[in-house]
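Each chain is listed here by its residues.
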Amino acid sequence: MKVVIYHNPACGTSRKVLARLKEAGLEPEIVQYLKTPPDRKTLKAVLKQMGKGVRDILRKRGTPYEELGLGDLSVKDEAIFDAIEKNPILIERPIVVIGDKAVLCRPPEAVEALLA
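Calculation rules
Residues numbered from 1 in each chain as written. Predicted model: local features only at pLDDT ≥ 70, side-chain atom pairs only at ≥ 80, totals over all residues. Heavy atoms only, no water. Pairing = 2+ DSSP bridges. Helix = DSSP H or I, 4+ residues; strand = E, 2+ residues; numbered from the N terminus. Axes fitted to C-alpha atoms, helices over the stretch in contact; angles between N-to-C directions. Right-handed = clockwise from strand over helix to strand, strands pointing away. Phe/Tyr/Trp six-rings, centres within 6.5 Å; stacked < 30°, edge-to-face > 60°. Lys NZ or Arg CZ within 6 Å of the ring centre and 35° of its normal. Salt bridge = Lys/Arg side-chain N within 4 Å of Asp/Glu carboxyl O. Buried < 20%, exposed > 50% of the residue type's maximum accessible area, 1.4 Å probe, protein only.

1. Focus: the sheet that holds strand β2 (residues 29-32)
Line of reasoning, step 1. Within the open sheet, the four strands sit side by side as β2-β1-β3-β4. Their pairing is mixed. Each edge of the sheet is formed by a strand with only one pairing partner; in this case those strands are β2 and β4 (101-104). Strand-to-strand twist across the sheet, computed as the mean angle between neighbouring axes with direction ignored, equals 15 degrees.
Line of reasoning, step 2. One ladder, built from four bridges, connects strand β3 (residues 95-98) with β4; its direction is antiparallel.

2. Details of the pairing of β2
Within a regular strand, the side chains alternate between the two sheet faces.
Line of reasoning, step 1. Sheet topology note: the strand β1 (residues 3-7)/β2 ladder contains four bridges and is parallel. Looking at β2, one finds that H7 is bridged to Q32.
Line of reasoning, step 2. Since β1 and β2 lie parallel, the crossover through helix α1 (residues 12-23) that links them has a hand, and here it is right-handed.

3. Focus on the packing of aromatic side chains
Line of reasoning, step 1. A full pass over the atoms with the stated rule returns zero aromatic pairs.
Line of reasoning, step 2. The aromatic ring of F81 is capped on one face by K44, whose charged end is 5.2 Å from the ring centroid.

4. A look at the environment of P107
Line of reasoning, step 1. Turning to its location among the elements, P107 is positioned in the loop between β4 and α4 (112-115).
Line of reasoning, step 2. The spacing of P107 and V17 is 90 residues in sequence and 9.2 Å in space, taken between C-alpha atoms.

5. Observations regarding the pattern of salt bridges
Line of reasoning, step 1. One pass over the full model with this rule turns up nine salt bridges.
Line of reasoning, step 2. The shortest N-O distance in the salt bridge between R40 and E78 comes to 2.5 Å. Of this pair, R40 sits in helix α2 (residues 40-50) while E78 sits in helix α3 (residues 77-86), and the two are 38 residues apart along the sequence.
Line of reasoning, step 3. E92 is the partner of R59 in a salt bridge, and the nearest nitrogen-oxygen pair spans 2.8 Å. Taken together, the positions of R59 in the loop between α2 and α3 and E92 in the loop between α3 and β3 put the pair 33 residues apart, joining distant regions of the chain. The same class applies to R59 and to E92, which are both buried.
Line of reasoning, step 4. Here the salt bridges share partners, and the residues they tie into one network are R40, K44, E78, D82 and E85.

Set out below in structure tokens:
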């Protein structure tokens, strides 16, 4: 079964989730999304697996979220995807995909739903 983590090694939560995956005997594909951001098609597929919309994975703190006006509900999803393509820091982390399921692991204990 394929395991992928969209990871930021500078993030403590992301490091905890990666460690938990390894403790569970999994060797995930590590995608450092700030260096290699997922393309729009991939991101849409992951969101579908999560059962979430693009607004559900937006990171606000430490990002250009406010200056881009992404809190305005009139901003369409495609404009948000455009912003993410230009600023991958807008993706909340970590996101873990195991098989056909995906979860935003914030808090890190959320990964347990995928390991059960």
